[in-house]
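# Notes for the structure review
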Amino acid sequence: MDYPICEEELNGAQYNGYLILARPMVGNMGPHAVTSEILPLTSSRFIAAFAVILYHTAFPFVPGLSAVPMFSAIVEHGNSAVDFFFALSGYILTLTYSPRTYDKTSFFVARFARVYPVYAFALLVDLPFFIFFRHSRDGADAWSRIAVTVAAYIPLLQAWLVMIGKVWCLPGWSLSCEAFFYAVFPFIEPRRKQISLFEFSVLSWIMISIAVSYASPRIDNPNIRLMLSWNPLLHLPSFLLGIACVELTEARKRMLWLLGSVSFIAMWFSPSVQPIPLFGLAILALHGLSTGTIMSSRLMVLLGRASYAMYLLHWPIWRLFGFFGHREHELEYRGDSPALWICYLVTVILASIAVHHWVENPARQFITTYWKQRQLKTAFAPDPGTR
């Protein structure tokens, strides 16, 4: 999932959600430069994050909801929202950085500042539950397994090393994918026209969807099944399509409409199919949405800005409810309490807004300001040869 670019990474551009270019910038911004915050896209992040929360918690808290056909169908496909985040990531990064020239190191520092502080905070919040779970399951081997898990999760390698399992802040696997996408973005985006990125992303999506839909029901090994869900290469088409959607011809837009319709139908027959073309259509539609809609309201935008913290923190908060309530095997809550579920959702939203204001923003600003000051010191440092 992508998270907005901050002001420090673009020569002082003012940030408030998605990128705002409030002052002239150095370099050629080209036709794709974003000139104001894209409020509907900011708000859409809350909807996507909430879909993931429903996917994880609706039935464990209120099992009876599985008998409601339409609601059940929506919840069962809530995990697809993660690929919406990946597509949105490619789209926003391309709008921001194409075709201007930028320093790759500053790009990576800016992405680290945007995603890692809240990730680290979520790991810390979930750490007691993770250690408790390991000790209750592994006994004497717990500390060695904890050490291996920490070694994979800290550098965001868990999506590549699925044999470690999903035992510590599970939503962080998508950040492992994002880290890979950020690493390849500066090399792919400038060449998107030469490699026909739209066609490549669509063909890759079709081939992966067919392969995974065929393989998933036939595989019993949990590690392989998890690899089919987490592996960054299998989610790369979502990110690439987001990049490609920044500049589509009319013919490709018509193709996207056709593929979006096909993917919407296919996903109901095979849960393994991610409706990536549908996400591309949604992003384009939201970008063109007028600012007078509910998607531009102050409440929705606030929730959208807090959605990253919401996405990560809903897991340890779920474990907190399970620790003091009913649970089976693992720490996540299992019971039947609609009132407690509402209480849980409210807790997640309020905690996420607080973390957004008091952890996410200050940490991002500290890191980017430190990097900016370091660059200035380097730029104005006297040449040793002139002394």
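Reading guide: rules and limits
Residues numbered from 1 in each chain as written. Predicted model: local features only at pLDDT ≥ 70, side-chain atom pairs only at ≥ 80, totals over all residues. Heavy atoms only, no water. Helix = DSSP H or I, 4+ residues; strand = E, 2+ residues; numbered from the N terminus. Buried < 20%, exposed > 50% of the residue type's maximum accessible area, 1.4 Å probe, protein only. Contact = heavy atoms within 4.5 Å. Areas by Shrake-Rupley, 256 points an atom, 1.4 Å probe, with all protein chains shown as cover. Phe/Tyr/Trp six-rings, centres within 6.5 Å; stacked < 30°, edge-to-face > 60°. Salt bridge = Lys/Arg side-chain N within 4 Å of Asp/Glu carboxyl O. 1 Å grid on protein atoms, 1.4 Å probe; cavity = no way out; pocket = protein on both sides within 12 Å on 5 of 7 lines; lining within 4 Å. Points joined across faces, edges and corners; volume = space filled by probe spheres on them. Nonpolar A, V, L, I, M, F, W, Y, C, P; charged D, E, K, R; others polar. pLDDT = per-residue confidence, 0-100. Axes fitted to C-alpha atoms, helices over the stretch in contact; angles between N-to-C directions. Parallel < 35°, antiparallel > 145°, perpendicular 65-115°, else oblique. Left-handed = near helix turned anticlockwise from the far one by under 90°. Core = buried A, V, L, I, M, F, W, Y, C linked by side-chain atoms within 4.5 Å. Patch = residues over 30% accessible without salt bridge, like charges linked within 9 Å, V, L, I, M, F, W, Y side chains within 5 Å.

Here we take up the overall build of the protein. When you go through the protein residue by residue, the secondary structure sums to 14 helices and two strands. Within the span of the protein, comprising 387 residues, buried residues form 53% of the whole. Considering only contacts in the protein between residues 6 or more positions apart, those separated by 24 or more positions represent 74%. With an accessible surface of roughly 17800 Å², the protein has 67% of that area assigned to carbon and sulfur atoms.

The next thing to look at is the packing of aromatic side chains. Counted according to the given criterion, the structure contains 22 aromatic pairs. Taking 5.7 Å as the distance between ring centres and 40° as the angle between the ring planes, the aromatic pair formed by Phe46 and Phe50 counts as tilted. Placement of the pair is Phe46 and Phe50 together in helix α1 (residues 39-61), with a separation of four residues, close to one helical turn. By relative accessible area, Phe46 is classed as buried at 12%. An angle of 55° between the planes, with centres 6.0 Å apart, marks the rings of Phe180 and Phe181 as tilted. Aromatic rings pair up to connect Phe86, Tyr97, Phe107, Phe108, Trp160, Trp173, Phe180, Phe181, Phe185, Trp230 and Phe239 into one cluster.

Now for the pattern of salt bridges. For the structure on display, the rule yields four salt bridges. Residues Glu360 and Arg114 are paired through a salt bridge, measuring 2.2 Å at the closest nitrogen-oxygen approach. Of this pair, Glu360 sits in helix α14 (residues 338-380) while Arg114 is found in helix α4 (residues 104-138), placing the two residues 246 residues apart along the sequence. Given a relative accessible area of 1%, Arg114 falls into the buried group. Two residues, Asp126 and Arg319, come together in a salt bridge whose shortest N-O distance is 3.2 Å. Placement of Asp126 in helix α4 and of Arg319 in helix α13 (residues 307-323) is noted, with a sequence separation of 193 residues between them.

Turning next to the layout of surface pockets. In this structure, the largest pocket encloses a volume near 1300 Å³. Taken together, 49 residues line the largest pocket, and the ones lying closest to its centre are Lys166, Arg225, Leu226, Ser229 and Trp230. Of all the elements in the fold, those that place two or more residues in the lining of the largest pocket are α1, α3 (81-97), α4, α5 (142-153), α7 (197-215), α8 (222-230), α9 (232-244) and α13. Residue contributions to the lining of the largest pocket peak at seven residues, all from α8. Looking at the lining of the largest pocket residue by residue, the classes come out as 27 nonpolar, 13 polar and nine charged. Considering only enclosed or pocket space, the second largest pocket measures out at about 500 Å³ in volume. Residue assignment for the lining of the second largest pocket shows that the elements contributing at least two residues are α1, α2 (69-76), α3, α10 (250-269) and α11 (276-287). Each residue belonging to the lining of the second largest pocket can be placed in one class, and the counts come to 16 nonpolar, four polar and no charged.

So, about the environment of Arg252. Along the chain, Arg252 falls in helix α10. Looking at Arg252, the relative accessible area reads 25%, which means it is partly exposed. Considering only alpha carbons, one finds Arg252 and Glu199, 53 residues apart in sequence, at a separation of 8.9 Å. Aside from chain neighbours lying at most four places away, what touches Arg252 is Phe198 and Glu199.

What follows covers unusual backbone geometry. It is generally the case that most residues other than glycine have a negative phi and that most peptide bonds are trans. Look at Leu156: it is not a glycine, yet its phi comes out positive at around 60°. By the element assignment, Leu156 lies in the loop between α5 and α6 (173-188). Even without glycine at this site, Cys169 takes up a positive phi of about 45°. Turning to its location among the elements, Cys169 is positioned in the loop between α5 and α6.

Once that is clear, we can look at the confidence of the model for the protein. Residues at a pLDDT of 70 or more form 86% of the protein, whose mean pLDDT is 83. Between the elements of the protein, mean pLDDT differs from a low of 34, seen in strand β1 (residues 15-16), to a high of 96, seen in helix α12 (residues 298-305). Ignoring residues within four places in sequence, the model shows residues 3-33, a span with pLDDT below 50, making 93 contacts including any to other chains.

This brings us to the packing of α6 against α9. Two numbers describe how α6 lies on α9: the axes approach to 10 Å, and their chain directions differ by 55°. When the interaxial angle is binned, α6 and α9 end up oblique. As for how α6 packs across α9, the hand of that crossing is right-handed. Contact with α6, carried on its side by Trp173, Cys177, Phe180, Phe181, Phe185 and Ile188, involves Pro232, Leu233, His235, Leu236, Phe239, Leu240 and Ile243 of α9 and no other residues of that element. Grouping the amino acids of the contact of α6 with α9 by side-chain chemistry returns twelve nonpolar, one polar and no charged.

Right, let's get into the nonpolar core. Judged by nonpolar contacts, the single largest core of 97 residues is most densely connected at Tyr119, Leu312, Trp341 and Tyr344. Residue contributions to this core peak at twelve residues, all from α3. Here Leu312 is in contact with Val118, Tyr119, Ala122, Cys169, Pro171, Gly172 and Leu175, once residues within four sequence places are set aside.

Glancing now at a nonpolar patch on the surface. Taken together, the side chains of Leu157, Trp160, Leu161, Met163 and Leu233 define a hydrophobic patch exposed on the protein surface, amounting to about 450 Å² of accessible area. On the accessibility criterion, Met163 (53% relative accessible area) is exposed.

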